[in-house]
Amino acid sequence: MKKTAKKTGDHGIGQMIHVIHMSDDAWELRRFYEDVFGGLVYMGVDEVTYLPVEDRYATMLVISDLCIETMAPKLPADTGKPVGKFYSKYGEHLHSVGYLVDDLPGLADRLLGKGVYIGAPGGGRIEKLDEETTYFYPSPRDTAGLMVELCGIEMANDPRDLDTWSSQVKQWRSHPLTIERFSYVTVGVRDLESAVKIYADTLQAVPIQDGVDDDMRAKFQTLQLGDCLLQLAEPVDADSDLGRHVARWGNMIYSLRFKIADIESASAWLKKKGVRFHQVRPGLIVTDVADSHGAPIYFGTEEIEGDPFAGGPELP
């Protein structure tokens, strides 16, 4: 059966269509996710896909219930285009998230009414969404640093939208990483209170859990936005990894986290693949960004209090 997406807000923000990971080589980054995570490629299987309007290359793959788009600008990067501009500033880094929206024009009107700058595909400002525009980006300045693509159409051939999905998703549970599901995207922020207000008010995200993570050295708020969780995290120690990230980049996407069943199996697999990692605490490890293409990737057996996705999909 297909994956059933949970939705939030008045305009039906639903499935997280992808997390974009930027690199200088979309093919090589895709090979990393295939080799280490058992990623299933469904776009750019034989060669990377080129999109002229954005002057970039990309592939798409799924890992459990998460889709990752590996992206790279056509080099030399055109800094007049959003993709080239991002790469020139941040290099290899997590780039953005994307969501499928039932009522894209209605959501655009809501955001515009709240003074949010909306960027068009390939650049330029949208004052009123036309019928031909199928996706847009609110300015990260108005979303506490998170670049988010809001899309009105499904991604072609997404395995999660096929009737075979409930069978296919089992392969990651038996993989050595023992991934049960994707947990959340973490966004580093300078001011947690104002960031939460933006998400709860502007995007109608639903608060789930808040607290202080002593190991991460951050105070946080986890929210449900559509069919995924976002963790907004404000560092309380400038010398922590998150603290250095926020000091350097400001409000910006920081890391990915997966819920796994077996920390020892995952650790042994990462060692076998030459991916260095740090044990944060007994039930949580995080990759060395030098071995995971600039992105901290967490694997944990810990449960999230109030997690609406706890237990994952019911599989036959």
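The residue numbers shown here count from 1 along each chain, following its written sequence. Since the coordinates come from a predicted model, pLDDT governs what is reported: local features require at least 70, and pairs of side-chain atoms require 80 or more to be given and counted, while whole-chain, interface and lining totals use all residues. By convention in this description, side-chain values take in all heavy atoms of the structure and omit both hydrogens and water.

(A) Layout of the overall build of the chain. Put simply, DSSP H or I for four residues or longer makes a helix, DSSP E for two residues or longer makes a strand, and each gets a number counted from the N terminus. Helix and strand counts for the chain come out as eight helices and 17 strands. Restricting the calculation to C-alpha atoms gives the radius of gyration, and the globule rule supplies 2.2 Å times the number of residues raised to the power 0.38. Taken over the C-alpha trace, the chain has a radius of gyration of 18 Å; the compact-globule value for 316 residues is 20 Å, and the two agree within 12%. With the C-alpha coordinates of the chain rotated into their principal frame, the extents come out at 50 × 45 × 45 Å. Exposure is judged per residue with a 1.4 Å probe applied to protein chains only, and the accessible area is read against the type maximum: over 50% gives exposed, under 20% gives buried, and values in between give partly exposed. Burial analysis of the chain (316 residues in total) assigns 55% to the buried set. We call two residues in contact whenever any of their non-hydrogen atoms come within 4.5 Å of each other. The long-range fraction of contacts in the chain, counting pairs at least 24 apart against all pairs at least 6 apart in sequence, stands at 64%. Here the chain has roughly 13,600 Å² of accessible surface; of this, 48% comes from carbon and sulfur atoms. Asp and Glu count as negative and Lys and Arg as positive, but His and the ends of the chain are not part of the count. For the purpose of locating charges, the reference atoms are NZ of Lys, CZ of Arg, CG of Asp and CD of Glu. The averaged location of the 49 negative side-chain charges in the chain is 2 Å from the averaged location of its 33 positive side-chain charges. Method for areas: the Shrake-Rupley scheme with a 1.4 Å probe, in which residue coverage is limited to the protein chains shown.

(B) Region of interest: the nonpolar core. The definition of a nonpolar core used throughout is a set of buried Ala, Val, Leu, Ile, Met, Phe, Trp, Tyr and Cys residues joined through side-chain atoms within 4.5 Å. Counting 81 residues, the largest nonpolar core has Tyr33, Phe37, Tyr99, Val185, Phe258 and Phe299 as the members making the most contacts within it. Take this core: its biggest share by element is six residues, from strand β1 (residues 13-22). If we skip the residues at most four places from it in the chain, Phe258 touches Phe37, Ile63, Leu66, Ile179, Arg181, Phe182, Ser183, Ile297, Tyr298, Phe299 and Gly300. One finds Ala218, Leu242, Tyr254 and Tyr298 within the second-largest nonpolar core, a separate group that totals eleven residues.

(C) Local environment of the pairing of strand β10 (residues 179-188). Among the ten residues of β10, nine are classified as buried, and the element is accordingly described as predominantly covered. One requirement defines pairing of two strands: DSSP has to find at least two bridges between them. In the sheet, β10 pairs with strand β14 (residues 252-260) via eight bridges, with the strands oriented antiparallel. When the sheet's bridge partners are listed, Val187 is paired in β14 with Ile253.

(D) Representation of the layout of surface pockets within the structure. Cavities and pockets are found on a 1 Å grid laid over the protein atoms alone: a cavity is a set of points where a 1.4 Å probe fits but cannot escape, a pocket is an open set with protein on both sides within 12 Å along at least five of seven lines, and a lining residue has an atom within 4 Å of such a point. Grid points are joined across faces, edges and corners, and a volume is the space filled by probe spheres set on the points. Taken as a whole, the largest pocket spans an internal volume of roughly 850 Å³. What lines the largest pocket is a set of 31 residues, and nearest its centre among them are Pro82, Lys85, Ser139, Pro140 and Met147. Elements that contribute at least two residues to the lining of the largest pocket include exactly α2 (82-90), β8 (135-138) and β14. Per-element accounting of the lining of the largest pocket gives the leading share, six residues, to α2. Grouping the amino acids of the lining of the largest pocket by side-chain chemistry returns 16 nonpolar, ten polar and five charged. We call Asp, Glu, Lys and Arg charged. Ala, Val, Leu, Ile, Met, Phe, Trp, Tyr, Cys and Pro are nonpolar, and the rest, Gly among them, are polar.

(E) How the structure looks around the pairing of strand β16 (residues 284-287). Here β16 shows two buried faces, one formed by Leu284 and Val286 and the other by Ile285 and Thr287. Across four bridges, the pairing between strand β15 (residues 277-281) and β16 is antiparallel. By the bridge assignment, Gln279 is partnered in β16 with Ile285. What sits between the antiparallel neighbours β15 and β16 is a turn of two residues. As paired strands, β16 and strand β17 (residues 297-300) are joined by three bridges and run antiparallel to one another. Paired with Ile285 across the bridge in β17 is Phe299.

(F) Here's a closer look at the environment of Glu69. Along the chain, Glu69 turns up in strand β5 (residues 66-73). Remark: the alpha-carbon pair of Glu69 and Glu28, spanning 41 residues in sequence, is separated by 12 Å. Glu69 has contacts with His18, Val19, Ile20, His21, Arg56, Ala58, Thr59 and Met60, leaving out every residue within four places of it along the chain. Nitrogen and oxygen atoms within 3.5 Å of one another constitute a polar contact, given that in protein one can donate a hydrogen and the other can accept it, and given that sequence-neighbouring residues count only through two side-chain atoms. A distance of 3.4 Å separates the side chain of Glu69 from the side chain of His18, its partner in a polar contact.

(G) Inspection of helix α8 (residues 263-272) at higher detail. Looking at α8, one finds that the buried residues are Ile263, Ala266, Ser267, Trp269 and Leu270. In a view along the axis of α8, the buried residues occupy a sector of 165°, so they form one face of it. Opposite the packed face of α8, turned more than 90 degrees from it, sit the exposed residues Glu264, Lys271 and Lys272. In this structure, the buried residues of α8 make contact with α1 (26-37), β14, β15, β16 and β17. Capping the start of α8 is the job of one residue whose side-chain oxygen sits 3.0 Å from the backbone nitrogen of Glu264: Asp262. Looking at the residues trailing α8, positive phi occurs at Gly274, about 75°. Read the arc as the range of directions from the helix axis to the C-beta atoms.

(H) Region of interest: the pattern of salt bridges. When a carboxyl oxygen of Asp or Glu is within 4 Å of a side-chain nitrogen of Lys or Arg, the pair counts as a salt bridge. Scanning the entire structure with this criterion turns up 23 salt bridges. Put simply, Asp102 and Lys7 hold a salt bridge, and the shortest N to O gap is 2.9 Å. Taken as a pair, Asp102 in the loop between β6 (93-101) and α3 (104-113) and Lys7 in the segment before β1 lie far apart in primary sequence, 95 residues in all. Put simply, Arg31 and Glu28 hold a salt bridge, and the shortest N to O gap is 3.5 Å. Placement of both Arg31 and Glu28 in helix α1 is noted, with a separation of three residues, approximately one turn of the helix. If you follow the salt bridges from partner to partner, you end up with Glu180, Arg181, Lys259, Glu303 and Asp307 in one network.

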